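Remarks on the overall topology
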Amino acid sequence: INHSLTPIIIACEKAKDEGYIDTKVYAAIKECRVEEKPNLDAESYDGKSALSKEELNKLVQFYKTDKEPRRKEYIEMFLFAFHAGGLRMVDVMTLTWSCINFDKKELRKTLVKTAKGKNPRHTVPLNEAALAILHKWKELGRRQKFVFDLVEDSFDINDEDAIYYTRNNCDKKVNQSLAVVAESIGLKKLAFHM
């Protein structure tokens, strides 16, 4: 419902700003969004869209003993995305070193999916686990521009078609690897989106 309401609310906001509708009418329309209240009851966990603490711990233990280098890197990317507040694959793929401030322990980036909003640049605090992964990749020195080894430094992050196709390719590779991990540690599913 909220997803469907978004273009309507954006259009109404523009109409309000241009004087076509009253501010009170716009406020009433904006209030139509459905409030999503997270259910923190462990009994309600469906096992489809998120990992439980136990499953995350299994993943970390697997990572520590995994001998396959590229799969281990994909797990690091997954764990970085988790520790950075749930970044999407496309934002991990397009993450540049210029977005990282090690001193302030933060990431400042225009997130691809929300780039067209009023405040497209987000500031994400980075915990020690996320910073440790970044330091490791910095030491690897594979890319001068991009953090993770998913695209070449010459990749144009302003080319929407290139982002779309490259993201789909990265999703496929990473998720195939994560599926192998899921099978190895007894999870029904493991995908980057989780």
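Cut-offs applied
- Residues numbered from 1 in each chain as written.
- Predicted model: local features only at pLDDT ≥ 70, side-chain atom pairs only at ≥ 80, totals over all residues.
- Heavy atoms only, no water.
- Axes fitted to C-alpha atoms, helices over the stretch in contact; angles between N-to-C directions.
- Helix = DSSP H or I, 4+ residues; strand = E, 2+ residues; numbered from the N terminus.
- Left-handed = near helix turned anticlockwise from the far one by under 90°.
- Contact = heavy atoms within 4.5 Å.
- Nonpolar A, V, L, I, M, F, W, Y, C, P; charged D, E, K, R; others polar.
- Pairing = 2+ DSSP bridges.
- Parallel < 35°, antiparallel > 145°, perpendicular 65-115°, else oblique.
- Core = buried A, V, L, I, M, F, W, Y, C linked by side-chain atoms within 4.5 Å.
- Buried < 20%, exposed > 50% of the residue type's maximum accessible area, 1.4 Å probe, protein only.
- pLDDT = per-residue confidence, 0-100.
- Expected span 1.5 Å × (residues − 1).
- Polar contact = N/O pair within 3.5 Å; in protein donor to acceptor, adjacent residues only side chain to side chain.

Some words on the packing of helix H3 (residues 53-65) against helix H4 (residues 69-83)
Closest axis-to-axis distance for the H3/H4 pair is 10 Å, and the angle between their directions is 145°. Of the two possible hands of crossing, H3 and H4 adopt the one that is left-handed. In this structure, H3 contributes Leu56, Leu59, Val60, Phe62, Tyr63 and Lys64 to the contact, and H4 contributes Arg71, Lys72, Ile75, Glu76, Phe78, Leu79 and Phe82. Residue composition of the contact of H3 with H4, by class: 9 nonpolar, no polar and 4 charged.

Some details on the sheet that holds strand S3 (residues 121-125)
With antiparallel pairing, 3 strands are arranged side by side in an open sheet as S1-S2-S3. Edge strands, defined here as strands with exactly one partner in the open sheet, are strand S1 (100-101) and S3.

A short note on the packing of H4 against helix H7 (residues 160-185)
Relative placement of two packed helices is described by the angle separating their axes and the distance separating the axes. For the pair H4 and H7, interaxial distance at closest approach is 10 Å and the crossing angle is 100°. Taken together, the axes of H4 and H7 lie roughly perpendicular to each other. Contact with H4, carried on its side by Arg71, Tyr74, Ile75 and Phe78, involves Lys173, Val174, Ser177, Leu178, Val180 and Val181 of H7 and no other residues of that element.

Focus on the pairing of strand S2 (residues 106-110)
Of the strand pairs in this sheet, S1 and S2 are connected by 2 bridges, and their pairing is antiparallel. Its bridge partner lying in S2, asparagine 101 is registered against glutamate 106. Linking S1 back to S2 in an antiparallel pair, the connection comprises 4 residues, with lysine 105 at a positive phi of about 55°. In terms of strand pairing, S2 meets S3 through 5 bridges, oriented antiparallel. Looking across to S3, one finds that threonine 110 is bridged to arginine 121.

Digging into the nonpolar core
Core analysis: the largest hydrophobic core is formed by 49 residues, its most contacted members being Leu59, Phe80, Phe148, Leu150, Leu190 and Phe192. Within the residue set of this core, elements represented by two or more residues are H3, H4, helix H5 (89-93), helix H6 (128-140) and H7. Excluding residues within four positions of it along the chain, phenylalanine 80 makes contact with Leu87, Leu95, Leu107, Leu126, Ala130, Ile133, Leu134 and Phe148.

Some details on unusual backbone geometry
Positive phi outside glycine occurs at lysine 105, with the angle close to 55°. With respect to the secondary-structure elements, lysine 105 resides in the loop between S1 and S2.

Examining the environment of glutamate 106
Mapped onto the elements, glutamate 106 comes out in strand S2. Sequence separation between glutamate 106 and alanine 84 is 22 residues, and the spatial gap between their C-alpha atoms is 9.0 Å.

Comments concerning the confidence of the model for the chain
Keep in mind that low pLDDT regions are not for reading the predicted coordinates in detail. Scored by pLDDT, the chain has a mean of 82; 88% of the residues are at 70 or more. Here S3 stands out as the element of the chain with the lowest mean pLDDT, 80, in contrast to H6, whose mean of 91 is the highest. Between residues 38-47, whose pLDDT stays under 50, and residues either more than four places distant or in other chains, the model counts 6 contacts.

Some thoughts on H7
Along its 26 residues, H7 runs 36 Å from first to last C-alpha, staying within 8% of the 38 Å computed at 1.5 Å per residue. Every buried residue belonging to H7 is among Ile163, Thr166, Cys170, Val174, Ser177, Leu178, Val181, Ala182 and Ile185, and all of these are buried. Where H7 is buried, its residues contact H3, H4 and H5. A distance of 3.1 Å separates the backbone nitrogen of aspartate 161 from a side-chain oxygen at the start of H7, and that oxygen is part of aspartate 159. In the stretch just after H7, glycine 186 is the one whose phi turns positive, near 80°.

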